[in-house]
Amino acid sequence: MTGKEKSPARQSTEDEPDRVPAQCLCGAVRLDIQYPAFWAWHDHSKASRLAHGAAYATYVGTWRKRFRIVKGARSIARFEDKETGNARNFCRRCGTPVYYERKSAPKWVNIPRALFQGRTGRQPLYHLNIGELQDWIYIGATLGPLKGYPGVVWERPKRKKRREPPAMF
Ligand SMILES: [Zn+2]
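All of the points below concern the structure found in this document. This is a predicted model, so every value here is computed, not measured.

Attention now goes to the overall build of the chain. Helix and strand counts for the chain stand at one helix and 12 strands. Shown N-terminal to C-terminal, the secondary structure of the chain runs as helices and strands in the order β-β-β-α-β-β-β-β-β-β-β-β-β. For the chain, the proportion of its 169 residues judged to be buried stands at 24%. At a minimum sequence separation of 6, the contacts of the chain that also span at least 24 residues come to 59%.

Structure follows, in structure tokens:
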């Protein structure tokens, strides 16, 4: 049962309950996939970092035949990386990355996890290119309120610990 999300409280199209919808920021592009996705992962590669303008990108992968562009096919622009042959598709109106295709895996489509509001049937348990993990990402350190800025929390700088010899000496 690895990677399977609990309680599939997912959104679905009323007439097709096994499909889960996704959309770009402006709503011009709507996609859906058949539930569940095959797998989900975090990608820390430079290409995904730049394409998303984010520390890393989280994807769900599915078979192309289980993937559908429901609306806005003409609003999709495509960038093909000449070096890798991989193609990134994004909404030409709002810039949201909507899906990504790898040349080496033509039967598969990778969709940013964030585009789905509901469950996709897979938890992102895997990390690709972990060696490229950025040292500025937030990884769950304790946060406290920032004085004078309501709604802003921050990671307090660590105090330098005084070096004391072990108690046994
Ligand atoms: Zn859009």
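Moving on, we get to unusual backbone geometry. With an omega of -5 degrees, the peptide bond running from Tyr 35 to Pro 36 counts as cis. With respect to the helices, strands and loops of the structure, Pro 36 is situated in the loop between β2 (30-34) and β3 (39-43).

This brings us to the sheet that holds strand β5 (residues 67-71). As summarised here, the arrangement of the three strands in space is β1-β2-β5, forming an open sheet in which the pairing is antiparallel. The open sheet terminates on both sides in strands that have one partner only, identified here as β1 (19-23) and β5. Across the sheet, the mean angle from the axis of one strand to that of its neighbour is 30 degrees, orientation sign disregarded. Examined bridge by bridge, β1 and β2 share five bridges and lie antiparallel to one another. What sits directly across from Arg 19, in β2, is Gln 34.

Turning our eyes to something else, we now look at the nonpolar core. Counting 24 residues, the largest nonpolar core has Leu 31, Ala 40, Tyr 59, Val 98, Tyr 99, Ile 111 and Leu 115 as its most contacted members. Apart from the residues lying within four places of it in its own chain, the contact partners of Leu 115 are Ala 22, Gln 23, Cys 24 and Val 98.

On to the pairing of strand β8 (residues 97-101), then. Of all five residues in β8, four are buried; the element is thus mostly enclosed. By the bridge criterion, four bridges tie strand β7 (residues 87-91) to β8 in an arrangement that is antiparallel. When the sheet's bridge partners are listed, Asn 89 is paired in β8 with Tyr 99. The hairpin formed by β7 and β8 contains five residues between the paired strands, and Gly 95 there has a positive phi angle of roughly 85 degrees.

Along the chain, the position of Pro 17 falls in the segment before β1. Residues Pro 17 and Tyr 35 lie 18 residues apart in sequence; the distance between their C-alpha atoms is 8.8 Å.

If you trace the backbone, Arg 66 turns up in the loop between β4 (57-63) and β5. A sequence separation of 43 residues divides Arg 66 from Val 109, and the C-alpha atoms of the two residues are 9.1 Å apart. Excluding residues that lie within four positions of it along the chain, Arg 66 makes contacts with Ile 33 and Gln 34.

This next bit is on the pairing of β7. Here β7 lies mainly inside the structure; four of its five residues are buried. Linkage of strand β6 (residues 76-80) to β7, two consecutive antiparallel strands, is achieved through a turn of six residues, within which Gly 85 is found at a positive phi near 80 degrees.

About the cut-offs
Residues numbered from 1 in each chain as written. Predicted model: local features only at pLDDT ≥ 70, side-chain atom pairs only at ≥ 80, totals over all residues. Helix = DSSP H or I, 4+ residues; strand = E, 2+ residues; numbered from the N terminus. Buried ≥ 20, exposed ≤ 12 C-beta atoms within 10 Å, placed from the backbone. Contact = placed C-beta atoms within 7 Å. Pairing = 2+ DSSP bridges. Axes fitted to C-alpha atoms, helices over the stretch in contact; angles between N-to-C directions. Core = buried A, V, L, I, M, F, W, Y, C linked by C-beta atoms within 7 Å.

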